[in-house]
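# Architecture and fold: a report
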Amino acid sequence: MTKLKDSSLGPEKRIKSSSEFLRILQARFPEATKCYSEWFEAKALFKFEHARVRYGFTVGKKFAVRSVDRNLVKRLLRESARSNSVAFEALAEEKKVGLDINLRLKKKYVFPAQSLKSLKQEIRADADLLMKNLYDKVTQCCKGGS
């Protein structure tokens, strides 16, 4: 059995149940914040019980019909979340607030006319931009609430 790195998204850092996803999606402004990019929507729910960060990924059949495409998008989202998880965890520890973050595909994914490699780079860049914008927005909300 291999040991997970600190920056990995192990089971304790994942949102799994549909009731948890529903709670995030139904949350409104004072307890949650939203952020958008060209391809994605991110919603962060503030939790004051404990300072931990958990991630959920939603890619519906409406936006990516083939399961291969849904899995590709989720893989790119996980990689972006994993690379930004250290910053979010430091923020959560500093502000003493937990975060449940849901990342969703909001634009229809069509089999690429361009090369798959360039589309993957575009999606990954958009996911990284979304995570940066979400970090800035969460920092701003925590600053205003403190």
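So, a few notes on the structure that sits alongside this text. (Residues numbered from 1 in each chain as written. Predicted model: local features only at pLDDT ≥ 70, side-chain atom pairs only at ≥ 80, totals over all residues. Heavy atoms only, no water.)

Before going further, it helps to spend a moment on the pattern of salt bridges. A complete count under the given rule lists 13 salt bridges for this structure. With its nearest N and O atoms 2.8 Å apart, the salt bridge here joins K13 to E89. One end of the pair, K13, is in the segment before α1 (18-26); the other, E89, is in helix α2 (residues 67-95), with 76 residues separating them in the sequence. For the salt bridge of R54 with D100, the shortest nitrogen-to-oxygen distance reads 3.0 Å. One end of the pair, R54, is in strand β3 (residues 53-58); the other, D100, is in strand β4 (residues 98-105), and 46 residues separate them in sequence. Overall, the relative accessible area of 6% leaves R54 in the buried class. (Salt bridge = Lys/Arg side-chain N within 4 Å of Asp/Glu carboxyl O. Helix = DSSP H or I, 4+ residues; strand = E, 2+ residues; numbered from the N terminus. Buried < 20%, exposed > 50% of the residue type's maximum accessible area, 1.4 Å probe, protein only.)

Time to look at the packing of aromatic side chains. Inspection of the entire model under this criterion finds one aromatic pair. Between F88 and Y135, the aromatic rings sit 5.5 Å apart at their centres with planes inclined by 85°, giving edge-to-face as the arrangement. Of this pair, F88 sits in helix α2 while Y135 sits in helix α3 (residues 116-145), and the two are 47 residues apart along the sequence. (Phe/Tyr/Trp six-rings, centres within 6.5 Å; stacked < 30°, edge-to-face > 60°.)

Let's shift gears to α1. Considered for burial, the residues of α1 that qualify are E20, F21 and I24. Summarising the axial view, the buried residues of α1 lie within an arc of 100°, below the 170-degree limit, and thus occupy one face. In α1, those exposed residues whose orientation departs by more than 90 degrees from the buried face are S18 and Q26. Packed against the buried residues of α1 are β2 (40-47), β3 and β4. (Arc of directions from axis to C-beta. Contact = heavy atoms within 4.5 Å.)

Here we take up the sheet that holds β2. Read from one edge to the other, the open sheet built from four strands follows the order β1-β2-β4-β3, with strand pairing classed as mixed. Two strands bound the open sheet, and with one partner strand each, they are β1 (32-36) and β3. If you compare each strand with its neighbour and ignore which way they point, the axes differ by 15° on average. Sheet analysis places β3 next to β4, joined by six bridges and oriented parallel. Residue pairing for β4: R54 is matched across the bridge by D100. Sitting on the sheet, α2 touches β2, β3 and β4, and the angle it makes with β3 is about 160°. (Pairing = 2+ DSSP bridges. Axes fitted to C-alpha atoms, helices over the stretch in contact; angles between N-to-C directions.)

The values are spatial; any link to function lies outside them.
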